[in-house]
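As a plain string of letters, each chain reads:
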Amino acid sequence: MRLDIAVLGGDGIGPEVVAQSLKCLRSVEETFGHTFRFKKALIGAEAIDKKGTPLPDETLKICKNSDAILFGAIGMPKFDGNPNAKVWPEQGLLKLRKELDLFANIRPVKVFPALIKQSPLNKKLIKDTDLVIYRELSGGIYYGNKSIDSGTNVATDTCSYSEEEISRITHLAFKAAKNRRKKVTLVDKANVLETSRLWRRVLNSIAQSYPEIELETLFIDNAAVQMILNPSQFDVILTDNMFGDILSDQGSVLAGSIGLLPSASVGTEHAMFEPIHGSYPDAKDKNIANPVAAILSAGMLLQHFKLNEEADALVAAVLKSFSKKIVTPDIMGSSKYGTNYVGDFIADNIMELDDHFNMNDENIDLGKSTII
Ligand SMILES: NC(=O)c1ccc[n+]([C@@H]2O[C@H](COP(=O)([O-])OP(=O)(O)OC[C@H]3O[C@@H](n4cnc5c(N)ncnc54)[C@H](O)[C@@H]3O)[C@@H](O)[C@H]2O)c1
Ligand SMILES: CC(C)[C@H](C(=O)O)[C@@H](O)C(=O)O
Ligand SMILES: [Mg+2]
């Protein structure tokens, strides 16, 4: 298969972790005989510094003309929460998601058997975690009207959702549940928010078309507790933009590090693949960032194009790195391996599974839900 892939490394550790994804995709290319063409483009703080805007037109054009986008992370401390900044890196990412209509952010959370020993959480309760968060990505409070009145010092952010915005991601979530454990949990704040009450109405109506799927609702505050105490109760979690952002970072605690969780941001025409973590500016150029979230995001890219054997081979190589303890210090404190070494190891171990891999040795579970 030929794929044109836009590569947006971004800021902080973004370029370093995306470089490891590229190594892995090169390895997939060679092993399975595909042609991937990568085109780098600027986004975020680097784009502001070089072009005066966090999303240059050229970048948007490259993304629109690509089959898929690999994204690292954006954000730098000089902009974060700075009330005097006129423009900030996050605007670039938000605009890109909106322009490409990437309305569904799919964030799988799994506990890998090889890593569970390190977990400070109750191992028995978290070991069967295999959930996926469907986070609405192009609406809600991130995109509602905003204002600040410097005279009265009153600031406003508006959360707004239309039936259509809720409905399109809901269908994706229900379809995903059909191929999984057939349960959708809507996480909201319907005891307070009008938008949440609309989500419930729309979901109750759509659920009629999916009689085999169990629909449950949970308030976000309770969901946050349940996710830590009893995460295996969840299959597909469907939620809005902001709740999904927060809940997925929390989900990374189950996996063992935020440096492990990948995501796919999809619309009807475009798809972008990005780790859920941010630019972790303190780690920039220190060769300590965990590249696995970015590498698994490349795995989700492969799955998106139905390159399932290729995705499985990539995941198997990641699992091999866990079982051989070739990992960065965030998941095994005593580890001395750097971002590049781990990336090299994983890329070098991508191979056709039947010929070379002993699944039992590597503790590999390549079930349908390995990544998505
Ligand atoms: N999608 C994105 O681009 C994205 C996501 C979140 C935050 N951000 C931005 O990133 C900047 C930093 O934000 P933050 O500190 O809140 O979040 P962050 O995710 O960058 O880092 C938070 C903590 O998570 C850990 N961490 C993150 N990535 C890791 C990795 N690959 N390996 C090991 N540990 C890792 C580190 O302990 C770090 O201190 C901000 O500017 C923020 O706006 C961007
Ligand atoms: C940087 C920020 C705008 C972004 C978000 O909230 O969507 C990030 O936290 C994420 O999870 O991708
Ligand atoms: Mg986030």
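This one's a predicted model, so the numbers in the text were calculated from it and none came from an experiment.

1. Topic: the pairing of strand E4 (residues 104-110)
In step 1: Among the seven residues that make up E4, seven are buried, leaving the element largely enclosed by the rest of the structure.
In step 2: As paired elements, E4 and strand E5 (residues 130-136) share seven bridges and run antiparallel to each other. Across the sheet, the residue bridging to Arg 107 is Ile 133, located in E5.
In step 3: As defined by bridge partners, E4 adjoins strand E11 (residues 264-266) across three bridges and the pair is classed as antiparallel.

2. Brief notes about the site of ligand 2
In step 1: In the neighbourhood of ligand 2, the contacting residues comprise Glu 90, Leu 94, Arg 97, Arg 107, Arg 135, Tyr 142, Asp 245 and Ile 276.
In step 2: In this structure, an oxygen atom belonging to ligand 2 sits 2.9 Å away from a side-chain N or O atom of Asp 245.
In step 3: Out of a free accessible area of 320 Å², ligand 2 has 78% covered by protein chains.
In step 4: Sorting elements by how many residues they give to the shell around ligand 2 places helix H4 (residues 89-99) first, with three residues.
In step 5: Split by residue class, the shell around ligand 2 holds three nonpolar, no polar and five charged.

3. A look at the site of ligand 1
In step 1: Residues in contact with ligand 1 amount to 21 residues; listed here are only the nearest, Asp 80, Glu 90, Gly 278, Tyr 280 and Asn 290.
In step 2: Contact between ligand 1 and Ser 279: an oxygen atom at 3.1 Å from a main-chain N or O atom of the residue.
In step 3: For ligand 1, whose free accessible area comes to 800 Å², the fraction covered by protein is 68%.
In step 4: Those elements that place two or more of their residues in the shell around ligand 1 are strand E3 (68-73) and H4.

4. A closer look at the sheet that holds strand E2 (residues 35-40)
In step 1: Strand order across the open sheet formed by 10 strands is E2-E1-E3-E12-E11-E4-E5-E10-E8-E9, with mixed pairing between neighbours. Two strands bound the open sheet, and with one partner strand each, they are E2 and strand E9 (214-219). The average angle at which neighbouring strand axes cross in this sheet is 25°, direction not considered.

5. A look at the confidence of the model for the protein
In step 1: For the protein, per-residue confidence averages 94 on the pLDDT scale, and 95% of positions sit at 70 or higher.
In step 2: Interface confidence for the predicted complex, given as ipTM, is 0.99, next to a pTM of 0.96.

6. Quick word on the pairing of strand E7 (residues 154-157)
In step 1: Sheet topology places strand E6 (residues 146-149) next to E7; four bridges connect them, and they run antiparallel. When the sheet's bridge partners are listed, Ile 148 is paired in E7 with Ala 155.
In step 2: What sits between the antiparallel neighbours E6 and E7 is a turn of four residues, in which Asn 153 has the positive phi angle 60°.

7. Some thoughts on the packing of aromatic side chains
In step 1: Applying the stated criterion across every chain, the model contains four aromatic pairs.
In step 2: Measuring from ring centre to ring centre gives 5.2 Å for Tyr 161 and Trp 199, while their planes differ by 85°; the resulting arrangement is edge-to-face. Taken together, the residues Tyr 161 in the loop between E7 and helix H6 (163-178) and Trp 199 in helix H7 (residues 194-207) connect sequence positions 38 residues apart. Exposure class is identical for Tyr 161 and Trp 199. Each is buried.
In step 3: Positioned above the aromatic ring of Tyr 143, the side-chain terminus of Lys 98 is 4.6 Å from the ring centre.

8. Here's the deal with the pattern of salt bridges
In step 1: Across all of its chains, the model carries 21 salt bridges by this definition.
In step 2: The salt bridge involving Arg 26 is made with Glu 29; its shortest N-O contact spans 2.7 Å. With Arg 26 and Glu 29 both in helix H1 (residues 14-32) and three residues apart, this pair spans about one turn of that helix.
In step 3: When its relative accessible area of 36% is taken as the criterion, Arg 26 is described as partly exposed.
In step 4: What makes Glu 29 buried here is its relative accessible area of 11%.
In step 5: Asp 130 is the partner of Arg 180 in a salt bridge, and the nearest nitrogen-oxygen pair spans 3.6 Å. On the criterion of sequence distance, the pair formed by Arg 180 in the loop between H6 and strand E8 (183-188) and Asp 130 in strand E5 is long-range, its members being 50 residues apart.
In step 6: You can call Arg 180 buried: its relative accessible area is 15%.
In step 7: On the accessibility criterion, Asp 130 (13% relative accessible area) is buried.
In step 8: Here the residues in one salt-bridge network are Lys 110, Asp 130, Arg 180, Arg 181 and Asp 235, joined through shared partners.

Rules and cut-offs
- Residues numbered from 1 in each chain as written.
- Chains lettered and ligands numbered in written order.
- Predicted model: local features only at pLDDT ≥ 70, side-chain atom pairs only at ≥ 80, totals over all residues.
- Heavy atoms only, no water.
- Buried < 20%, exposed > 50% of the residue type's maximum accessible area, 1.4 Å probe, protein only.
- Helix = DSSP H or I, 4+ residues; strand = E, 2+ residues; numbered from the N terminus.
- Pairing = 2+ DSSP bridges.
- Near = heavy atom within 4 Å.
- Polar contact = N/O pair within 3.5 Å; in protein donor to acceptor, adjacent residues only side chain to side chain.
- Areas by Shrake-Rupley, 256 points an atom, 1.4 Å probe, with all protein chains shown as cover.
- Nonpolar A, V, L, I, M, F, W, Y, C, P; charged D, E, K, R; others polar.
- Axes fitted to C-alpha atoms, helices over the stretch in contact; angles between N-to-C directions.
- pLDDT = per-residue confidence, 0-100.
- Phe/Tyr/Trp six-rings, centres within 6.5 Å; stacked < 30°, edge-to-face > 60°.
- Lys NZ or Arg CZ within 6 Å of the ring centre and 35° of its normal.
- Salt bridge = Lys/Arg side-chain N within 4 Å of Asp/Glu carboxyl O.

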